[in-house]
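# Coordinates in review
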Amino acid sequence: MLGTKDREGFLKQFTVYALLICIGFIYTHPILHMISGSLMTLDDLLDSSIKWLPSSFNLENFKQAAQSMDFWKALWQSAVIAGVPTICNLISCSVTGYALARFDFPGKKIVMGVIILSFVLPSQITMIPTYVLYSKLGILNTIWAFVLPALFAQGFKAPIFILIFWQFFRQIPKVLIEASRIDGAGHFRSFFKIALPSAAPAFITVALFSFVWYWNESYLTELYVHGVYGQSDWTTLVVQLDNFAANYSSYQQTAINAATNLNESINMAGTLLSILPLMILYFVLQRYFVESIDRTGITGE
Amino acid sequence: MEDRKKLTRSEKKALKERMKHLKSGKLEKRYARMGYIFMIPWFIGAAVFLAYPLISSFWYALNNIRITPLGRIFTFVGHANFTQILIQDPDFLIYLVDYLTSTIISTPIIVVFALIIAMMLNMKIKGKGFFRLIFFLPVIIVSGPILGMLTAEGAGSISAVDMQAVTAAIGSVLPKIVADPVSDVFGNMITTLWYSGVQILIFLSGLQKIDKSMYEAAKIDGGSGWECFWKITLPNLRSMILLNTIYTVVFISNNSDNPIINLIQESMFSGTKEKGYGYASAMAWLYSTVVLILVGLFALLLASRKDQYEKQVKRAVKARKKEIRDHRRIERRNRRNAARIERRRAQGKITSHTTNRDDY
């Protein structure tokens, strides 16, 4: 029953499956709850006999939530705000990681220390001067506020990405690069032709994480790009969700046909809409996601 | 890196001594230069977006800053901002204590939970891909407003479990000071679990790196699964545990759901005379110091370098050295005694067959 040492027994397997399914349910529960809730009409919501399955599939909530969030515009801008800094991150962090992994230079340990420190330091400490700095540079409330730091390897959570690249480039055999040097390739050439192509898994991992983290970042986006009082035209889905109630009431006032009051269902629909693009991305790319993590070993020492 | 680790400290020292006499060659210099060239973007970024804000943030913290139409007016106030926060601010200290207790309690929970899940996902089970898909979901979804939304909708706690009973049970066992945060954590169980997406990933990749042959060897020697976990899995994951702990603390501290961070932002944009940028900077510095100390404490707690195996080797070496020392001493004494006997015999005091006990 409990199994021998070679084969896992029934009881053990059963426990493992049961635990996995239970915890998996806990994880998916809020999402399922949201999906069912977002489909309900107001009557269903108030009816205590209806818990999961709504009496009819009501897509009206989604329509209203999407309209009040200005869904398509926000979606496009989210993609830009998450995508462009991600590309910058890939360039700058891979170069930095390569330098740390490949070359020995005086002061390397200090650089590593600073990188780790900047990971641990809460961003709030530099937030205010950075805000002032951006406004001095004239990039506040533009996308440059995200792109510029990312270009110089100081983007959002960049230390982690540098460490991932560092870890990965360390694993590339030195012989490979030395061979290319003997064959007459310069440092840049051996970086582009040898190191970069073999680092594809690291690139996928960093790209995914960077994209997701930029996408989900509401606080800094609101501060630097969206503007605290919404001065700029830039917005993202998450920021829209953050200001959902305000957006909805303003939408409600302008809408000619009397929209229903903000209720839980519409709220849920809005939440769902703002995660949906990422979920789709995740389901499509999940194979790479898991595999690349297996291969890179996101960790360092 | 690998070879370097194997050198003992004395060997390293010797190597360094030798390196001093060697001039760094042309190639090495060129390599160092290339390293700097590759690091240029980071150096610029660190100077502009890290060092400059840090220094000016400290300067801000020492000033009272008022924003007028003419620009920002700085008045130097020294440590007044700090004392004001610590003594007068009604929220900061309370939030800070709350933050500390909840972090100290929930960090181990998250790390242990992530380890358990990662180990289960690493077993031979059917539908591995499907389970991974579910358990990595938090990585995608966790973010301030969405999580806030989920919690607001009551998704944060397990509705199926009667939370009242649990809290009551906890309250009856533990004193109130301990019980309150603990039951708080239980109340937000799911939220806590949602934080562990990345940690599961890290543990999983760590688990897959452990050499399978180690387990086989242990099995042949009759080790049970339980023993394997403590003697093989845990020691191999030690660096990952440290990494995960730090990651968790940093994540909780920088989360935009954190009340202190909201407090900082509030005071940053508040129009009152005594608050504003300077006040907020001072608060951020205080908060960061606390976070850094917390991370440092966790790191110290977990980063003890000594291995069980290393300890045993060290002990054995010590015992061997002592043995050699004893051996030498005995030999020395024997020699001495023999010499003494020789002397006496030469003096004719004793004859050969009375070589006696008390000389020995």
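Residues numbered from 1 in each chain as written. Chains lettered and ligands numbered in written order. Predicted model: local features only at pLDDT ≥ 70, side-chain atom pairs only at ≥ 80, totals over all residues.

## With respect to the overall build of chain B
Filter applied, for reference: Secondary structure elements follow DSSP: runs of H or I of four or more residues count as helices, runs of E of two or more count as strands, with numbering from the N terminus. Any residue surrounded by 20 or more other C-beta atoms within 10 Å of its C-beta is treated as buried, while 12 or fewer makes it exposed and the intermediate range makes it partly exposed; C-beta atoms here are placed from the backbone. C-beta atoms are placed from the backbone for every residue, and two residues are taken to be in contact when these atoms lie within 7 Å.
The secondary structure content of chain B amounts to 18 helices and 2 strands. Scored against the burial criterion, the 360 residues of chain B give a buried share of 27%. Residue pairs at least 24 apart in sequence account for 71% of intrachain contacts in chain B once pairs closer than 6 positions are excluded.

## Observations regarding the overall build of chain A
Along its length, chain A carries 15 helices and 0 strands. Considering only intrachain contacts with a sequence separation of at least 6, the fraction spanning at least 24 residues in chain A is 75%.

## Brief notes about the interface of chain B and chain A
Heads up, the rule is: Charged means Asp, Glu, Lys or Arg here, nonpolar means Ala, Val, Leu, Ile, Met, Phe, Trp, Tyr, Cys or Pro, and polar covers whatever is left, Gly included.
Taken together, the 76 residues of chain B in the interface contact 67 residues of chain A. Class assignment of the residues belonging to the side of chain B that touches chain A gives a composition of 57 nonpolar, 15 polar and 4 charged.

## Digging into helix α3 (residues 26-61) of chain B
Note the cut-off: Note that bend, as reported per residue, equals the angle between axes fitted to the 7 residues terminating at that residue and the 7 residues originating from it.
Most pronounced at Met39 of chain B, the bend in α3 of chain B amounts to some 55 degrees, and the proline Pro41 of chain B follows within four residues. Along α3 of chain B, the positions that sit buried rather than exposed are Gly35, Phe38, Met39, Trp42, Gly45, Ala46, Phe49, Leu50, Pro53, Ser57, Tyr60 and Ala61 of chain B.

## Points about helix α12 (residues 197-209) of chain B
Since there are 3.6 residues in each turn of an α-helix, residues three or four apart along the chain are aligned in direction. Let me state the cut-off plainly: Here the expected span of a helix is defined as 1.5 Å times the quantity of residues minus one.
The terminal C-alpha atoms of α12 of chain B lie 19 Å apart, and with 13 residues this matches the ideal 18 Å at 1.5 Å per residue to within 8%. All of the buried residues in α12 of chain B are Gly197, Val198, Gln199, Ile200, Leu201, Ile202, Phe203, Leu204, Ser205 and Gly206 of chain B.

## Topic: the environment of Phe244 of chain A
Residues and elements named next belong to chain A. Residue position: Phe244 is located in helix α14 (residues 244-254). Phe244 sits in the buried class, given 21 other C-beta atoms within 10 Å. Put simply, Phe244 and Tyr134 are 110 residues apart on the chain and 27 Å apart in space, counted from C-alpha to C-alpha. Look past the residues within four positions of Phe244 in its chain and what remains in contact with it is Asn267 and Gly270.

## A short note on unusual backbone geometry
Positioned with a positive phi, Asn141 of chain A is a non-glycine residue whose angle comes to about 65 degrees. Considering the arrangement of structural elements, one finds Asn141 of chain A in the loop between α6 (124-137) and α7 (144-151).

## Concerning the packing of helix α5 (residues 108-120) of chain A against helix α8 (residues 158-171) of chain A
Residue and element names in this part refer to chain A. Counted only if it meets this: Helix axes are fitted to C-alpha atoms over the stretch in contact, other axes to C-alpha atoms as well, and angles between N-to-C directions run from 0 to 180 degrees. Here roughly perpendicular refers to angles of 65 to 115 degrees, roughly parallel to angles under 35, roughly antiparallel to angles over 145, and oblique to all remaining angles.
With their axes 8 Å apart at the nearest point, α5 and α8 run at an angle of 140 degrees to one another. It follows from the interaxial angle that α5 and α8 lie oblique. From α5, Ile115, Ile116, Ser118 and Phe119 reach across to α8, where they touch Pro159, Ile160 and Ile162.

## Let's talk about the domain arrangement of chain A
Cut-off, in case you're wondering: The split into domains, and so the bounds of each, comes from an automatic or database assignment of domains.
Taken domain by domain, chain A comprises domain 1 (10-61) and domain 2 (70-242). The gap between the C-alpha centroids of domain 1 of chain A and domain 2 of chain A is 37 Å.

## Things to note about the environment of Ser253 of chain B
You can see Ser253 of chain B is positioned in helix α15 (residues 238-254). We classify Ser253 of chain B as buried; it has 24 C-beta atoms within 10 Å. Along the sequence, Ser253 of chain B and Arg66 of chain B sit 187 residues apart, while their C-alpha atoms lie 28 Å from each other. In this structure, Ser253 of chain B is in contact with Pro122 of chain A together with Asn258 and Val291 of chain B, ignoring residues within four places of it in sequence.

## Overview of the confidence of the model for chain B
Residues and elements named next belong to chain B. The line we're drawing: A residue's pLDDT is the predictor's confidence in that residue, given on a scale from 0 to 100.
Here chain B shows a mean pLDDT of 77. Residues at 70 or above account for 74%. Across chain B, the secondary-structure element scoring lowest on mean pLDDT is helix α1 (residues 2-6), at 50, and the one scoring highest is helix α18 (residues 308-347), at 88. For this predicted complex, the interface confidence reaches an ipTM of 0.79, while the overall pTM sits at 0.76.

## Points about the nonpolar core
Test applied: Note on terminology: a nonpolar core is any set of buried Ala, Val, Leu, Ile, Met, Phe, Trp, Tyr and Cys residues joined through C-beta atoms within 7 Å.
Residues Ile162, Phe165 and Val212 of chain A together with Phe203, Ile264 and Met283 of chain B are the most contacted members of the largest nonpolar core, which totals 129 residues. No other element matches the 12 residues that helix α17 (residues 277-302) of chain B contributes to this core. Beyond its immediate sequence surroundings of up to four residues, Phe203 of chain B is in contact with Ala114, Leu115, Ala118, Leu237, Met240 and Asn244 of chain B.

## A word on the confidence of the model for chain A
Interpreting fine coordinate detail is not advised for predicted regions of low pLDDT. Residue and element names in this part refer to chain A. Confidence along chain A averages 78 in pLDDT terms, with 80% of residues attaining 70 or more. Predicted confidence in chain A is weakest over helix α2 (residues 42-46), with a mean pLDDT of 66, and strongest over helix α4 (residues 71-102), with 89. With pLDDT under 50 throughout, residues 1-6 is counted as low confidence; its partners more than four residues away or in other chains account for 10 contacts.

## Details of the environment of Ile246 of chain B
Assignment of secondary structure puts Ile246 of chain B in helix α15. In this structure the C-alpha to C-alpha distance between Ile246 of chain B and Ala316 of chain B, which are 70 residues apart in sequence, comes to 35 Å. Contacts of Ile246 of chain B, omitting those with residues within four sequence positions, involve Val120 of chain A together with Val295, Phe298 and Ala299 of chain B.

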